[in-house]
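So the chains spell out like this:
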Amino acid sequence: VKHWQYAAMQGHPESRDNLGCCEYLNGNDELAVRHLMISAKMGDDDSLNEIKDMFMKGHATKAQYAEALKGYQNALEETKSPQREEAKA
């Protein structure tokens, strides 16, 4: 966990997702959502899906899920460029 914390502070979204999942498993829903929200806003789809699952189970609010979804979409939009689109084709 200590290494995940360090990596998360350095901006590693998967480590942030791992911390969120650990907190959720330990029953710390609010802290879990905070971690997952950060990584979802960095474009981590696993975090977005985890928040969605938490929402479906009543452990996160609709507003939290909506915020995560919007942040995730913004992150994806920021990574788009004409060169990347051209490379996909």
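Notes on the structure in this doc start here. Numbering of residues starts from 1 in every chain and runs along the sequence as written. Given that the model is predicted, a residue must reach a pLDDT of at least 70 before its local features are reported, and side-chain atom pairs must reach 80 or more before they are shown or counted; all residues, however, enter totals for whole chains, interfaces and linings. No hydrogens and no water enter the side-chain calculation; it runs on all heavy atoms of the structure.

1. Quick notes on the overall build of the protein chain
A count of helical and extended segments in the protein chain gives six helices and zero strands. The numbering of helices and of strands both runs from the N terminus, where a helix is a DSSP run of H or I of at least 4 residues and a strand a run of E of at least 2. From first element to last, N terminus to C terminus, the protein chain shows the α and β order α-α-α-α-α-α. Seen along its three principal axes, the alpha-carbon backbone of the protein chain occupies a region of about 45 × 30 × 15 Å. Residue burial is assigned from relative accessible area. The probe radius is 1.4 Å, only protein chains are included, and a residue is buried under 20% of its type maximum, exposed over 50%, and partly exposed in between. Sorting the 89 residues of the protein chain into buried and exposed places 33% on the buried side. Contacts are residue-level and defined by heavy atoms, with any inter-residue pair within 4.5 Å sufficient. Expressed as a percentage of contacts within the protein chain between residues at least 6 apart in sequence, the contacts between residues at least 24 apart total 42%. Surface exposure of the protein chain reaches about 6100 Å², of which carbon and sulfur atoms provide 51%. Computed over 11 positive and 15 negative side-chain charges, the inter-centroid distance for the protein chain is 3 Å. Shrake-Rupley sampling with a 1.4 Å probe provides the accessible areas, and residues are treated as covered by the protein chains on show and by no other component. In summary, the charge assignment counts Lys and Arg as positive and Asp and Glu as negative, without counting His or the chain termini. Taken as the charge location is NZ of Lys, CZ of Arg, CG of Asp or CD of Glu.

2. Describing the nonpolar core
To form a nonpolar core, buried Ala, Val, Leu, Ile, Met, Phe, Trp, Tyr and Cys residues must be joined to one another through side-chain atoms within 4.5 Å. Grouped together as the largest cluster of nonpolar side chains are 13 residues, with contacts concentrated most on Val 33, Met 37, Leu 48, Ile 51, Met 54 and Ala 68. For this core, the secondary-structure elements that each account for two or more residues are helix 3 (29-41), helix 4 (45-56) and helix 5 (62-78). With five residues, the single largest contributor to this core is helix 3. The residues touching Val 33, leaving out its near neighbours within four places in the chain, are Ile 51, Met 54, His 59, Ala 60 and Gln 64.

3. Thoughts on the pattern of salt bridges
For this document, the term salt bridge refers to a Lys or Arg side-chain nitrogen within 4 Å of an Asp or Glu carboxyl oxygen. Counting across every chain of the model gives two salt bridges. Here Glu 67 makes a salt bridge to Lys 41, at a shortest N to O gap of 2.6 Å. A residue pair is termed long-range when its members are at least 10 positions apart, and Glu 67 in helix 5 and Lys 41 in helix 3 qualify at 26 residues. A salt bridge links Glu 77 to Lys 80, with the shortest nitrogen-to-oxygen separation between them at 3.9 Å.

4. Considering the environment of His 3
Looking at where His 3 falls in the secondary structure, it is placed in helix 1 (residues 2-9). A relative accessible area of 69% places His 3 in the exposed class. Sequence separation of His 3 and Leu 76 is 73 residues, and the distance between their C-alpha atoms is 27 Å.

5. A short note on the packing of aromatic side chains
To pair, rings of Phe, Tyr and Trp, with the six-membered ring standing in for Trp, must have centres within 6.5 Å; the planes then decide the type, stacked if under 30 degrees apart, edge-to-face if over 60, and tilted in the middle. One pass over the structure, following the stated rule, counts one aromatic pair. For the pair Phe 55 and Tyr 65, a centre-to-centre distance of 5.9 Å together with 5° between the ring planes defines the contact as stacked. You can see Phe 55 sitting in helix 4 and its partner Tyr 65 sitting in helix 5, a full ten residues away along the chain. Overall, the relative accessible area of 27% leaves Phe 55 in the partly exposed class.

Fair warning: the whole summary comes from geometry, so function is off the table for now.
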